[in-house]
Each structure stands twice: as C-alpha cells, then as structure tokens.
Amino acid sequence: MKNRIYTVTLNPSLDYAVTVDDFRLGYTNRTSSETLTAGGKGINVSTVLKNLGLESTALGFVAGFTGEEVKRQLAEREIKDGLISLEKGLTRINFKLSSVEGTEVNGQGPLIPQEAFSCLCERMRELTVGDVLFLSGSIPSSLPQDSYCRLMEQTPQGVQVVVDAAGEQLKQALPRHPFLVKPNCHELGELFGVTLTDRSSVILFAKKLQEMGAVNVLVSLAGEGAVLAAADGSVQEAPAPVGKLVNGVGAGDSMAAGFMVGWLERQDYKYAFSMGLAAGSATAFSEGLADGETIRALYRSLTGTET
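Presented here is a report on the structure given in the accompanying data block. (Residues numbered from 1 in each chain as written. Predicted model: local features only at pLDDT ≥ 70, side-chain atom pairs only at ≥ 80, totals over all residues. Heavy atoms only, no water.)

### Considering the nonpolar core
Working step 1: Core analysis: the biggest nonpolar cluster contains 45 residues, and Val8, Phe61, Leu120, Leu133, Leu135, Leu151 and Val163 have the highest contact counts within it.
Working step 2: Judged by nonpolar contacts, the second largest core, of 37 residues, contains Leu52, Val162, Phe179 and Ala238. (Core = buried A, V, L, I, M, F, W, Y, C linked by side-chain atoms within 4.5 Å. Buried < 20%, exposed > 50% of the residue type's maximum accessible area, 1.4 Å probe, protein only.)

Printed below as a string of structure tokens:
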C-alpha cells in the first residue's frame, strides 16, 4: 500500500490505570494491578493501524521524562516517531481508577510554544496526494482553538484528512472539506443544539455536516452501532454487534482507524464502514486496543465474508 499515513496527537499522555480492591475515600489504598500506557487519540489510531498491518507516523508534542516514555512505547509498538520534543514541561499523566467506574484525573500537559507549532505546520507541507492525515482529540489550551484548521491549510490538495474532534474545533475544519469526520451521536447533536434519539435523525444531521463541507461522516452510536453518510450519496447503518462492554476507551479511535484501513484496501464504502464498526466494537469488547485478528474475526462474524 503506497499511502503514507500520519496521526496527530497534540497532547499525548501516559495513562496510569490502577485497580484498588475495596477502595476507601480518605484512607491509604494500595493497588492490586496497574498499567502505564502511552495514549492520546492519534496514538491510539496509530496503534490500531499497526495492529491491522498499516504503518503510520505519529506526530505531535512530548516533553520531559514522561515524553521519553511515550517515545519508548511507540518504538516498542514499532510505530514511526515524528513527535516534536519540547524543552520545557512534562507530557501529561492521566490517572484512571479502574475499580471505581468513571473515576479519572487528566493532566494538563506542557505549554506548546508557537515555534514548535510552526514546525508541525511545516511537516504538513511534506505530505503528498494520496497520503492520509488523522487529526484527533481536543486542542490544548496553549494552542489556538482553530489549530486543526491551520494545519489543514498547510496540507496539500489530495491528502485524505480525518478529523475526530468536537464542537467548534470540528466546525472550523469543515470548510476545508475533510475526507472523513467521526463525531459520536452526542457530539453531533451538541453541534446543532439538538438531542438525537434515533438513527434517522442521526442520518439527517450527518448529511448536514456534509452540506457544511465534510466528504464522509461516520457517527458512532455507542451500543446502538454506527451510521455512515458517504460521499456517493449512500447511507450505511448497522446495530452494534453482540458482546460484553469491557472498556470503551479508544473505541472511537479504533472505528476511525478501521474505516480508513477498509477504504484504503478496497475504496468501497460498505466494506470500510463494516471494518470501522468491527474495529470499534472489538476494542469495546477488549481490555485494551483490539489486535488485528480480533478485529478481522469480528468483521467476518458481522458480514459472513472475509476481509
């Protein structure tokens, strides 16, 4: 496959996830298990792409000894490292108390100076027709909130840009005609000030995003599956496959990665949509980001066909 793939994570993290048996607030507690994993939405995308057999280069910013650990883990995963190291600050640590549902504390991350962001903009100019660029996650407070739009302005025509962001950050990117945007149902409704309660209303507002500039719109509906409004006018929709939710973290990133793998393999929207649904669901059913065989096995069970 000739397409070069790049993922941008402006504010990567080390995710420190611990389990504490019989957690007691106000007391000293001891962990029964713990993991320290390099993360951030773009890095998650790179990991799933690698698991599905595609190389990518991870771009973004890291700082301090925590940033060095992110780079070490990328090397361990055999993901190409294009991260820019900052002179000051620390890559953030996100603390997640796995045994108390929904309990986490996310760090701020380093201040990103303008000259460092300008270096990232220069990298965008190196992309060529057919390359794929993922812009994933929220924009840190030290950067302008139109940073994705600025990066896209430096990207040559013919690059397939995927934007996985919410609110104004997504809206500002639409006039640049991203190849794919991937809001979830809540984010899509929030963008238009409505509550989306059924798949038909999701399709309606997904098409509105197309009218605003998006080429393809892939909407994840958590346990209800997904919807795709495609550039050829077709609509793909499917319920979520049956399975036990183990961990929702990274499911949306996996869906975006799976969709683009499917698109690059066959340039077929139905196949790409099914690959995206399989990848997102496989991660939701796994302890971490799903491996390639698990994703392709779930695709086969969903469609009755081979990848």
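### A short note on the packing of aromatic side chains
Working step 1: Evaluation of the coordinates by the stated rule reveals five aromatic pairs.
Working step 2: With a centroid separation of 5.6 Å and 45 degrees between ring planes, the pair formed by phenylalanine 179 and tryptophan 263 is classed as tilted. Separated by 84 residues along the polypeptide, phenylalanine 179 in the loop between α5 (167-173) and β11 (180-181) and tryptophan 263 in helix α8 (residues 251-266) bring together distant segments of the chain.
Working step 3: According to the relative accessible area criterion, phenylalanine 179 is buried, its value standing at 12%.
Working step 4: Between tryptophan 263 and tyrosine 269 the ring centres are 4.5 Å apart and the planes differ by 20 degrees, which places this aromatic pair in the stacked class.
Working step 5: A relative accessible area of 13% places tryptophan 263 in the buried class.
Working step 6: Taking relative accessible area as the criterion, tyrosine 269 reaches 11% and is therefore assigned buried.
Working step 7: Above the plane of the ring of phenylalanine 205 lies lysine 208, whose end atom (NZ or CZ) is 5.8 Å from the centre. (Phe/Tyr/Trp six-rings, centres within 6.5 Å; stacked < 30°, edge-to-face > 60°. Helix = DSSP H or I, 4+ residues; strand = E, 2+ residues; numbered from the N terminus. Lys NZ or Arg CZ within 6 Å of the ring centre and 35° of its normal.)

### Points about unusual backbone geometry
Working step 1: A positive phi angle, near 60 degrees, is found at glutamate 78, a position not held by glycine.
Working step 2: Its location among the elements puts glutamate 78 in the loop between α2 (64-76) and β5 (80-81).
Working step 3: Residue glutamate 78 is classed as exposed on the basis of its relative accessible area of 55%.
Working step 4: Positive phi outside glycine occurs at histidine 177, with the angle close to 55 degrees.
Working step 5: Mapped onto the elements, histidine 177 comes out in the loop between α5 and β11.
Working step 6: Relative accessible area serves as the criterion here: at 54%, histidine 177 is assigned to the exposed category.

### Details of the packing of helix α9 (residues 269-284) against helix α10 (residues 292-303)
Working step 1: At a minimum axis separation of 8 Å, α9 and α10 run at an interaxial angle of 120 degrees. The angle between the axes of α9 and α10 places the two elements in the oblique class. Every pair of crossing elements has a handedness; the one defined by α9 and α10 is right-handed. Contact with α9, carried on its side by Tyr271, Ser274, Met275, Leu277, Ala278, Ala279, Ser281 and Ala282, involves Thr294, Ile295, Arg296, Leu298, Tyr299, Leu302 and Thr303 of α10 and no other residues of that element.
Working step 2: Here the residues of the contact of α9 with α10 are counted per class, giving ten nonpolar, four polar and one charged. (Axes fitted to C-alpha atoms, helices over the stretch in contact; angles between N-to-C directions. Parallel < 35°, antiparallel > 145°, perpendicular 65-115°, else oblique. Left-handed = near helix turned anticlockwise from the far one by under 90°. Contact = heavy atoms within 4.5 Å. Nonpolar A, V, L, I, M, F, W, Y, C, P; charged D, E, K, R; others polar.)

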